[in-house]
Amino acid sequence: DQQVKQNSPSLSVQEGRISILNCDYTNSMFDYFLWYKKYPAEGPTFLISISSIKDKNEDGRFTVFLNKSAKHLSLHIVPSQPGDSAVYFCAARTGSQGNLIFGKGTKLSVKP
Amino acid sequence: DAGVTQSPTHLIKTRGQHVTLRCSPISGHKSVSWYQQVLGQGPQFIFQYYEKEERGRGNFPDRFSARQFPNYSSELNVNALLLGDSALYLCASNGWSEKLFFGSGTQLSVL
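Residues numbered from 1 in each chain as written. Chains lettered and ligands numbered in written order. Predicted model: local features only at pLDDT ≥ 70, side-chain atom pairs only at ≥ 80, totals over all residues. Heavy atoms only, no water.

Draft legend 1. Structural view of the sheet that holds strand 7 (residues 64-68) of chain B. Residues and elements named next belong to chain B. Taken in spatial order, the four strands of this open sheet run 1-3-8-7, and their pairing is antiparallel. The sheet is open, and its two borders are formed by strand 1 (5-7) and strand 7, each paired with just one other strand. With strand direction ignored, the average angle separating the axes of adjacent strands in the sheet is 15 degrees. As paired elements, strand 3 (residues 19-24) and strand 8 (residues 74-78) share five bridges and run antiparallel to each other. Bridge pairing links leucine 21 to leucine 76 in strand 8. (Pairing = 2+ DSSP bridges. Helix = DSSP H or I, 4+ residues; strand = E, 2+ residues; numbered from the N terminus. Axes fitted to C-alpha atoms, helices over the stretch in contact; angles between N-to-C directions.)

As structure tokens, then:
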């Protein structure tokens, strides 16, 4: 039973446009959410995170939105760049030092 | 500063063999976690160690074991390898923040 779900295996976006990656979760005890980016042959790289006490966190081109009532979060990338092409993983945890529960990932392709 | 380093990068074993994977955390990080990533899936938690003590264990059989050394490096051991153990094994470390920093992983192929 998946606690973190990324229902879109892939997403294709034109360079300069907005990329929106979605993530749903089932466990209401999750209190911290993270997005990781992964290139082939590399480990996941931390991108941005959000605590459950917030509904938005922004870092440059990346913004994460959290809707606790819907148990949904999304990652917005504006503007998208070809270098953003990678697999994006949504992850959640309970407590500050708990283990991460990952979704299956969404492969983003940004076309020039 | 060096990131999380893992060795070896690739490994080929046959069924029934034993494997040891190694990880050095970022300097100053006392917590090390291990994750398994099967193709097409997200990373799945195996173990977490903090100050040489096991802090958490995922849903993996007893064939999987790990330990952490006084210098905070860590080993993951898998006994009696099965074909289904073929995966990318990721090590991650963290300090006081909630962020995990991952190494590049060890790609294990079991034939």
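The rest of the description comes next.
Draft legend 2. Just the side chain of Ser31(B), in detail. Residue and element names in this part refer to chain B. Its place among the elements puts serine 31 in strand 4 (residues 31-37). In this structure the side chain of serine 31 is engaged in a polar contact, spanning 3.0 Å, whose partner is the side chain of glutamine 48. Beyond its immediate stretch of four places on either side in the chain, serine 31 contacts Gln48, Tyr49, Tyr50, Ala92, Ser93 and Asn94. (Polar contact = N/O pair within 3.5 Å; in protein donor to acceptor, adjacent residues only side chain to side chain. Contact = heavy atoms within 4.5 Å.)

Draft legend 3. Region of interest: the interface of chain A and chain B. At the interface, 18 residues of chain A touch 20 residues of chain B. For the pair chain A and chain B, the two sides together bury roughly 1,500 Å², of which 56% comes from carbon and sulfur. The tally of links from chain A across to chain B stands at zero salt bridges. Linking chain A with chain B are two residue pairs in polar contact (both at pLDDT 80 or more), by the criterion used here. Contributing elements (two or more residues each) for the side of chain A that touches chain B: strand 4 (32-38) and strand 9 (86-93) of chain A. By residue number, the principal contributor to the side of chain A that touches chain B is strand 4 of chain A, which donates four residues. Here the side of chain A that touches chain B is built from residues that sort into nine nonpolar, five polar and four charged. (Buried area = accessible area lost by both parts, 1.4 Å probe. Salt bridge = Lys/Arg side-chain N within 4 Å of Asp/Glu carboxyl O. Nonpolar A, V, L, I, M, F, W, Y, C, P; charged D, E, K, R; others polar.)

Function-wise, these values are silent; they only describe arrangement.
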